[in-house]
Amino acid sequence: MDKILVISGPTASGKSGLALRIAEAQLVVGRSSLIINADSLQIYQGLPILSSQPSEQELEQVPHALYSHFASDQYSSVGMWLSLVKEAVEGAIKEGKLPIIVGGSGMYISKLIDGISEIPEIDDEIRNEARQLFDNVGFDKMQEKLFDLGGDEMMDKQRLIRAYEVLRK
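Remember, it's a predicted structure, so these values are computed and weren't measured experimentally.

What counts and how
Residues numbered from 1 in each chain as written. Predicted model: local features only at pLDDT ≥ 70, side-chain atom pairs only at ≥ 80, totals over all residues. Heavy atoms only, no water. Pairing = 2+ DSSP bridges. Helix = DSSP H or I, 4+ residues; strand = E, 2+ residues; numbered from the N terminus. Expected span 1.5 Å × (residues − 1). Buried < 20%, exposed > 50% of the residue type's maximum accessible area, 1.4 Å probe, protein only. Contact = heavy atoms within 4.5 Å. Phe/Tyr/Trp six-rings, centres within 6.5 Å; stacked < 30°, edge-to-face > 60°. Lys NZ or Arg CZ within 6 Å of the ring centre and 35° of its normal. 1 Å grid on protein atoms, 1.4 Å probe; cavity = no way out; pocket = protein on both sides within 12 Å on 5 of 7 lines; lining within 4 Å. Points joined across faces, edges and corners; volume = space filled by probe spheres on them. Nonpolar A, V, L, I, M, F, W, Y, C, P; charged D, E, K, R; others polar.

K.L.:
What is the right way to look at the sheet that holds strand S1 (residues 5–8) in this model?
P.N.:
Two strands in a sheet stick together by hydrogen bonds in their backbones, pointing the same way (parallel) or opposite ways (antiparallel). The sheet built from 4 strands is open, its strands ordered S1-S4-S2-S3 with parallel pairing. Strands at the two margins of the open sheet, each flanked by one partner only, are S1 and strand S3 (64–65). Two strands pair when backbone bridges link them, and S1 and strand S4 (residues 98–103) are joined in this way by 4 bridges, in the parallel orientation. Counted as the bridge partner of Ile7 is Val102 from S4.

As structure tokens, this is what we get:
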């Protein structure tokens, strides 16, 4: 049975260092590893200080995946990350590597373990329309629009916009 190691915890708790030490220990027993990002900031390029991305030396020591994967202005979602992480894990296992998934984004880890509801891909036109509408009318009016489309009450901006996008599709 193939194994996947998941390391999660609060910011600055030493998750990345632990992953590196485990990967180095794997090398001692003749097995290599792939450290896979599960942090919602580290997936973006250009945020190395804010997100404590791996150093060049660490990247040379052990292969890493899904760090600086998207440009800072690109849209990403948990669903996109799950697809990418599945591909990375399958590739690592195929190569005989131990996949080590590391991150502090609880939602990423939760959805990896518990799964995610199937939500259709949203066209950029609808996504832009939803954000523009929210900016123009605000939370309360946007919630009314959602009710008109058959949606339920949403508690935060992100979920409200996402629900509008899905129902608008």
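K.L.:
Explain helix H4 (residues 78–94) here, please?
P.N.:
Each α-helix turn comprises 3.6 residues. Residues three or four places apart therefore point the same way. The end-to-end C-alpha separation of H4 is 24 Å, in line with the 24 Å expected for 17 residues at 1.5 Å each. For H4, every residue scored as buried is listed here: Val78, Trp81, Leu82, Leu84, Val85, Ala88, Val89 and Ala92. Elements in contact with the buried residues of H4: strand S2 (33–37), S3, S4 and helix H5 (106–114). Gly96, located one to two residues past H4, shows a positive phi value of around 80 degrees.

K.L.:
Explain the packing of aromatic side chains to me, please; I cannot follow it from the model alone.
P.N.:
Remark: the centre distance and the inter-plane angle together describe each pair of aromatic rings, the angle taken between the planes. Inspection of the entire model under this criterion finds 3 aromatic pairs. Measuring from ring centre to ring centre gives 6.4 Å for Phe134 and Phe139, while their planes differ by 85 degrees; the resulting arrangement is edge-to-face. Under the relative-accessibility criterion, Phe134 is labelled buried at 11%. Take Phe139: its relative accessible area is 28%, and that puts it in the partly exposed class. Directly above the aromatic system of Tyr75 lies the positively charged group of Arg127, at a separation of 3.8 Å from the ring centroid.

K.L.:
Before we go on, may I ask you to explain the pairing of S4 in this structure?
P.N.:
Regular strands have side chains that alternate between both faces of the sheet. Across the 6 residues of S4, 6 count as buried, placing the element largely inside the fold. The side-chain alternation of S4 yields two buried faces, one formed by Leu98, Ile100 and Val102 and the other by Pro99, Ile101 and Gly103. One ladder, built from 5 bridges, connects S2 with S4; its direction is parallel. Each residue of the ladder has a partner; that of Asn37, found in S4, is Val102.

K.L.:
Where do I start with the layout of surface pockets in this structure?
P.N.:
Any space left empty among the atoms is revealed by the rolling of a water-sized probe across them. In this model, the largest pocket occupies a volume close to 900 Å³. Looking at the lining of the largest pocket, the elements with two or more residues in it are H4, H5 and helix H7 (157–168). By residue number, the principal contributor to the lining of the largest pocket is H7, which donates 5 residues. Residue classes in the lining of the largest pocket are distributed as 14 nonpolar, 7 polar and 7 charged.

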